[in-house]
Amino acid sequence: MRRSLAVLALGAIVLVGCGDDSDDTPEGAAGGDTTTTAADTTEVAADAPVELAVLDVTSAEFGYELSSAEVPAGPVQVNQTNAGELEHQVTIIGLDGMTPDELVTTIADEGDDALDPAVFAGGPNTVGPGEANTALVQLEVGEYVAYCFLPDHAAQGMVEPFTVTGEAPAEVVVPEAASTIELVNFGFEVPATFDGQGTIEVVNDGDQAHELTILDADDQTGQGGLTTTAPGSTGYVDLDLTPGDYTFVCFVTDPASGQIHLQLGMEQPVTIT
Ligand SMILES: [Cu+2]
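Residues numbered from 1 in each chain as written. Predicted model: local features only at pLDDT ≥ 70, side-chain atom pairs only at ≥ 80, totals over all residues.

### Some words on the nonpolar core
Core analysis: the largest hydrophobic core is formed by 53 residues, its most contacted members being I93 and Y147. Every residue in contact with Y147, bar those within four places of it in the chain, is listed here: T91, I93, A154, M158 and V159. (Core = buried A, V, L, I, M, F, W, Y, C linked by C-beta atoms within 7 Å. Buried ≥ 20, exposed ≤ 12 C-beta atoms within 10 Å, placed from the backbone. Contact = placed C-beta atoms within 7 Å.)

Written out as structure tokens, the structure reads:
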């Protein structure tokens with residue numbers, strides 16, 4: 001079910017000088033213009049195949065195996081293969097000066113809302129044993145971990161550090177999306193034409209971190225989506241949802257109320273016909 005984003009990028013759009021839209025995240029790599037917004041984005045057709053950095057992640061009980069301990073800054077295609085017997089996911093989190101152990105302890109003791117929302121960089125969300133899925137995310141230079149938010153998985157070892165090196169490119173290559181899903185406080189905006197197929201752009205238009213977990217409505221099994229991602233960020237996931245009933249859910253904690261976003265409205269039925 002994994003489609004090649006590298007091939008899709010043949011018909012890609014290049015966003016020139018477009019950085020992360022969140023204004024609290026230092027860019028530093030967009031030339032002299034670090035205050036670009038979506039409105040400044042210039043789209044030009046890419047006329048050559050673009051090499052995307054790839055990070056292959058094998059998930060199992062209880063740990064990750066990464067294809068590399070270093071990836072270059074910029075768009076990174078994160079491919080998860082679940083080689084375990086339980087569901088797993090990959091959330092990429094900037095360490096922001098913490099050690100991986102400190103990060104695990106902080107989330108366990110204080111909740112995911114104890115972290116700066118800007119540290120969340122997305123990734124391929126929950127899938128079952130034997131499944132694979134992929135997410136294209138934007139990574140800046142720094143120290144990161146792959147982290148599993150399923151209950152107790154990180155404490156049991158599903159946290160694996162890696163380093164993003166170099167300089168984020170000024171030109172960000174993005175695939176052509178079949179549709180766009182917006183994450184807002186507190187809900188999902190899903191276009192009427194959404195058919196669960198192809199490359200889906202997932203945009204966090206809220207002012208908190210959000211995620212897109214896709215659950216089968218009948219048995220509650222994970223069907224992928226994008227893991228927790230910073231306000232203002234955009235990620236891409238490849239979906240191949242068979243016709244049926246699904247639920248879109250966000251499990252991020254709201255710092256003001258301490259409630260999970262799904263309790264505040266981020267739980268939405270979606271039917272694929
Ligand atoms: Cu949310």
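That was the structure; now back to the text.
### Observations regarding the sheet that holds strand β12 (residues 179–184)
Spatial strand order, β4-β3-β6-β8-β17-β14-β12-β13: eight strands in an open sheet with mixed pairing. Two strands in the sheet have a free side with no partner beyond their single neighbour: β4 (63–66) and β13 (187–189). Taking the axes of each pair of neighbouring strands and ignoring which way they run, one obtains an average angle of 25 degrees across the sheet. (Pairing = 2+ DSSP bridges. Helix = DSSP H or I, 4+ residues; strand = E, 2+ residues; numbered from the N terminus. Axes fitted to C-alpha atoms, helices over the stretch in contact; angles between N-to-C directions.)

### Describing the confidence of the model for the protein
Mean pLDDT over the protein works out to 86, with 82% of the residues at or above the 70 mark. Overall, residues 1–48 carries pLDDT values under 50, and its contacts beyond four positions in sequence, including any with other chains, amount to 87 contacts. (pLDDT = per-residue confidence, 0-100.)

### Focus on the pairing of strand β17 (residues 234–240)
Within β17, six of the seven residues are buried, which leaves it mostly tucked inside the rest of the structure. The pairing of strand β14 (residues 197–204) with β17 spans seven bridges and is classified as antiparallel. Bridging from a neighbouring strand, E201 pairs with Y236 of β17.

### Quick word on unusual backbone geometry
Residue F62 follows E61 across a cis peptide bond; omega there is -25 degrees. The topology assignment puts F62 in the loop between β3 (53–60) and β4. One non-glycine residue, D96, lies in positive phi territory at about 55 degrees. Here D96 shows up in the loop between β7 (91–94) and α2 (100–110).

### Thoughts on the pairing of strand β15 (residues 210–216)
Successive residues of a regular strand alternate their side chains across the two faces of the sheet. For β15, the tally of buried residues reaches six of seven residues, placing the bulk of the element in the interior. Here β15 runs beside strand β16 (residues 222–229); their pairing, made up of four bridges, is antiparallel. Bridge pairing in β16 links L215 to G222. Taking the residues that link successive antiparallel strands as the turn, the β15-β16 hairpin has five residues, and the phi of Q220 there is positive, at about 65 degrees. The sheet contact formed by β15 and strand β18 (residues 244–249) spans four bridges and is antiparallel. Following the sheet pairing, L215 is matched in β18 by T247.

### As for the sheet that holds strand β5 (residues 70–72)
Taken in spatial order, the four strands of this open sheet run β5-β10-β9-β7, and their pairing is mixed. In this open sheet, the two edge strands, each paired with only one partner strand, are β5 and β7. Across the sheet, the axes of successive neighbouring strands diverge by a mean angle of 35 degrees, strand direction being ignored. With four bridges connecting them, β7 and strand β9 (residues 142–147) associate as antiparallel partners. For T91, the partnering residue across the bridge sits in β9 and is Y147. The strands touched by α2 within the sheet are β7, β9 and β10 (159–165), with β10 carrying the most contacts at an inclination of about 125 degrees.

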